[in-house]
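So you can see what is in the structure, the chains are spelled out below.
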Amino acid sequence: MGYEARSSARVPRAMVMQATDPETTVSVLDLAAPPAIELDRVTRRFKDKVALDEVSMELRHGEIHALLGPNGAGKTTLLRILAGLADPDSGEVYFDGQVGNDSGRFGRGRFIGLIPSGERTFYMRISGLENLLFFARLHGLRRRYALRRSLECLEAVGLSEVGKLRVGQYSHGMQRRLAIARALLTDPPILLADEPTQGLDPQGARTVKELVREAAARGTAVMWTTQYVDEIRGFADTLTLLNKGTVRFQGSVPELMATTSARRYLLHLGGAADAFLTAHSVIVRVGSMSPNGAPGHYVLALHDGIVLGHALALLTGAGVDVLACREERSEVEEAFLNLTKERI
Amino acid sequence: MSVVSAPSPASVFLRELRKVAAFFRRDLLTAWSYRLAFFTSWLSLLVQVVLFNFMGQIVAVDKLPTYGSGLITYLEFVAVGIALTTFMQIALTRVQAALRGEQLMGTLESLLLTPTTSSTVQFGSVAYDLVFVPIRMGIFFALVALVFGASFSWSGLLPAMVIVMVFIPFVWGLGVASAASMLTFRTSRGVVGYGILALALTSGAFFPLEVFPSWAQDLARLNPLAIAVQGTREAMLGGTGWSGITGDLMRILPFSLATPLIGAFAFRGALRRERRKGTLGLY
């Protein structure tokens with residue numbers, strides 16, 4: 001059997017790959033390896049609409065790269081181009097330095113795992129295990145090994161107990177996890193995840209992220225699309241922010257956060273009934289305050305150049321009890337909105 | 001360091017063949033999950049046999065063509081036609097129906113993302129039927145012979161099977177071409193339906209071609225299904241040996257060589273077009 005799991009050590013900027021094709025043995029180890037994925041001015045149009053406009057980016061093995069953007073930004077189109085399911089109008093896609101525009105007779109499934117965004121991507125009348133077994137065999141794994149690998153992947157995503165149930169009986173979250181299991185069947189060097197946490201509860205989303213993080217730790221290059229901006233903090237190494245097909249930002253999450261600072265905060269004030277009047281009278285010099293629904297809760301908006309500590313000092317100096325204070329929106333979300341607002 | 005050993009064509013072929021087994025298992029399990037339909041399809045076969053037996057009782061045997069030395073009954077005449085047209089209908093519609101099903105289920109892109117050739121996807125999609133339909137045909141002939149006393153020349157079974165084998169690529173090619181049309185236009189039911197109707201109507205499966213006007217008879221004799229039906233009847237009912245079917249085989253062969261090529265060309269073109277447009281998974 002040509003298939004072997006790759007090293008569990010994190011291997012940024014290096015690649016250790018065993019091919020998923022059992023008849024082909026590919027072994028590459030190169031510390032100066034080219035990026036797992038490189039896009040060079042990729043453009044794609046749908047009639048008059050520009051879905052992607054000269055998008056360039058790089059993604060290295062072991063890296064989680066978030067593709068961020070509002071609806072219609074071009075995220076799924078980009079993923080479909082990477083997966084070989086759609087062709088770019090112009091520009092080049094490279095995988096490990098090789099031109100990838102021609103996906104060849106056997107497609108890119110040899111080295112790409114895809115977690116599609118749709119819910120119905122399985123055969124509903126057969127079990128989760130049989131689904132995995134089917135796809136494992138289409139990836140060229142022999143029956144016995146395909147079964148073992150399918151069971152391992154079911155175990156990894158916590159679906160062992162329901163492996164023999166029909167997929168039609170699975171919840172949305174279970175189907176998402178099964179999609180991850182399928183994408184990991186061959187432990188591909190590249191994993192494309194199209195909004196994998198969409199519609200999942202927080203626990204389900206966390207499980208999915210942990211599974212993907214583990215894959216990245218084994219050296220898999222992960223492209224993760226999302227419109228839930230806060231989920232990339234502490235998760236993605238780098239990101240590209242797309243809006244209407246154009247790249248609005250590329251860099252790390254801290255770099256994205258540095259492009260903005262929070263200007264609006266949610267305050268919870270205690271004390272006397274006239275606390276708001278007192279607070280308002282002192283805050284008017286540095287910003288503004290307005291009620292925010294429940295009694296004692298307000299939105300504090302600061303003028304440019306005013307720091308939060310200054311405003312809080314004014315409030316406490318005036319005898320106002322500040323029980324709680326937090327950002328109305330995270331810095332990531334703020335940056336996201338700033339970078340996309342003029343075009344939404 | 002980079003070490004790459006390319007697989008040999010033989011190992012690629014074997015690997016793709018193993019994938020066909022995976023398709024077969026998937027479709028068997030899916031069919032079995034619809035247990036009622038699984039059993040009622042056998043019941044409908046029985047009903048069909050009974051129906052044609054009764055119809056046969058109102059058709060005079062001297063109105064039917066003769067095969068070999070004796071007269072034949074309508075049930076014997078039509079049994080061969082039913083078997084071949086059923087086979088053709090399934091072969092023609094199955095690939096495109098399977099692909100359409102994959103599109104609607106949302107599995108087509110996942111399927112095409114695996115390192116599987118489009119030929120394997122096409123062949124795998126009909127693997128279950130290629131096993132199931134001959135079994136069904138065999139049981140159909142056994143029922144007709146044992147329950148209703150139809151008489152077949154069992155020595156002609158092997159030549160008849162050869163005719164069917166040579167006929168398969170023709171239908172296969174048309175089926176793949178219709179699948180290509182489905183990929184492009186999202187539906188090909190109308191075109192395929194009319195095609196099947198036209199081929200079946202002019203095949204002589206249900207009535208002798210002699211009832212047509214002479215010009216229509218000449219056209220109908222170019223229909224590969226008509227040639228296959230005629231050849232199979234000569235083998236199964238008249239006991240014609242290999243020499244009797246050679247002419248039929250030679251007439252089917254050009255069609256069986258041409259349509260798979262046309263089908264494969266059309267299918268690849270349709271896939272390429274969908275990839276270019278980025279609409280492969282849309283329905």
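Residues numbered from 1 in each chain as written. Chains lettered and ligands numbered in written order. Predicted model: local features only at pLDDT ≥ 70, side-chain atom pairs only at ≥ 80, totals over all residues. Heavy atoms only, no water.

### Comments concerning the overall build of chain A
Piece 1. Along chain A, the regular secondary structure elements total nine helices and 16 strands.
Piece 2. Across chain A, every contact between residues at least 6 apart in sequence was considered, and the portion connecting residues at least 24 apart equals 67%.
Piece 3. Here chain A displays about 14,800 Å² of accessible surface, and carbon together with sulfur accounts for 50% of that area. (Helix = DSSP H or I, 4+ residues; strand = E, 2+ residues; numbered from the N terminus. Contact = heavy atoms within 4.5 Å. Areas by Shrake-Rupley, 256 points an atom, 1.4 Å probe, with all protein chains shown as cover.)

### Considerations on the overall build of chain B
Piece 1. Scanning chain B from terminus to terminus reveals 10 helices and one strand.
Piece 2. For chain B, the α and β elements follow one another from N to C terminus as β-α-α-α-α-α-α-α-α-α-α.
Piece 3. The C-alpha radius of gyration of chain B comes to 21 Å, within 12% of the 19 Å expected for a compact globule of 283 residues.
Piece 4. By its C-alpha atoms, chain B is 75 × 40 × 35 Å across when sized along the principal axes.
Piece 5. Pairs at least 24 residues apart make up 80% of the contacts formed inside chain B by residues separated by at least 6 positions.
Piece 6. For chain B, the computed accessible surface area is about 13,300 Å², with 72% contributed by carbon and sulfur atoms.
Piece 7. Taking the average place of the 21 positive charges on the side chains of chain B and the average place of its 12 negative ones, the gap between the two points comes to 12 Å. (Rg over C-alpha atoms; globule rule 2.2 N^0.38 Å. Lys, Arg positive; Asp, Glu negative; His and termini not counted. Charge placed at Lys NZ, Arg CZ, Asp CG, Glu CD.)

### Overview of the sheet that holds strand β13 (residues 264-270) of chain A
All names here are of chain A.
Piece 1. An order of β14-β15-β13-β16 is seen for the four strands of this open sheet, with the pairing classed as antiparallel. A strand with exactly one partner marks an edge of an open sheet, and here the two such strands are β14 (287-291) and β16 (321-327). Between one strand axis and the next, the sheet turns through 30° on average, direction left out of account.
Piece 2. Where β13 and β16 come together, six bridges link them in antiparallel fashion. In the sheet register, Gly 270 faces β16, and the bridge partner there is Asp 321. (Pairing = 2+ DSSP bridges. Axes fitted to C-alpha atoms, helices over the stretch in contact; angles between N-to-C directions.)

### With respect to the pairing of strand β12 (residues 246-252) of chain A
Residue and element names in this part refer to chain A.
Piece 1. Bridging between strand β11 (residues 238-243) and β12 involves six bridges; their strand directions are antiparallel. Its bridge partner lying in β12, Leu 242 is registered against Val 247.
Piece 2. The antiparallel pairing of β11 with β12 creates a hairpin that spans two residues between the two strands, and Lys 244 there sits at a positive phi of about 50°.

### Some remarks on the side chain of Arg182(A)
Piece 1. Counting through the fold element by element, Arg182(A) comes out in helix α4 (residues 172-184).
Piece 2. With no salt bridge to any partner, buried Arg182(A) finds its closest opposite charge in Glu102(B), at an N-O distance of 8.6 Å.
Piece 3. Aside from chain neighbours lying at most four places away, what touches Arg182(A) is Pro116(A), Thr121(A), Phe122(A), Leu132(A), Phe135(A) and Ser110(B). (Buried < 20%, exposed > 50% of the residue type's maximum accessible area, 1.4 Å probe, protein only. Salt bridge = Lys/Arg side-chain N within 4 Å of Asp/Glu carboxyl O.)

### Comments concerning the environment of Phe167(B)
Piece 1. Inspection of the secondary structure assignment puts Phe167(B) in helix α6 (residues 157-185).
Piece 2. In this structure, the C-alpha to C-alpha distance between Phe167(B) and Val229(B), residues 62 residues apart in sequence, is 9.9 Å.

### Looking at the nonpolar core
Piece 1. Membership of the largest hydrophobic core comes to 75 residues, with the highest contact counts inside it found for Leu239(A) and Leu256(A).
Piece 2. In contact with Leu239(A), other than residues within four places in its own chain, are His65(A), Ala66(A), Leu68(A), Ile232(A), Phe249(A), Gln250(A), Gly251(A), Ser252(A), Val253(A) and Leu256(A).
Piece 3. Grouped together as the second largest cluster of nonpolar side chains are 46 residues, Ile72(B), Val78(B), Ala91(B) and Ala145(B) included. (Core = buried A, V, L, I, M, F, W, Y, C linked by side-chain atoms within 4.5 Å.)

### Let's talk about the pairing of β14(A)
Residue and element names in this part refer to chain A.
Piece 1. Relative to strand β15 (residues 297-302), β14 is paired through five bridges, and the arrangement is antiparallel. From the neighbouring strand, Gly 287 faces β15, where its bridge partner is Leu 302.
Piece 2. Between the end of β14 and the start of β15, which pair antiparallel, lie five residues, with Gly 293 showing a positive phi angle near 85°.

### Some points on the confidence of the model for chain A
Piece 1. In this model, chain A carries an average pLDDT of 81, and 85% of its residues clear a pLDDT of 70 or more.
Piece 2. Note on residues 1-31 of chain A: pLDDT is under 50 here. Beyond four places in sequence and across chains, it has 95 contacts. (pLDDT = per-residue confidence, 0-100.)

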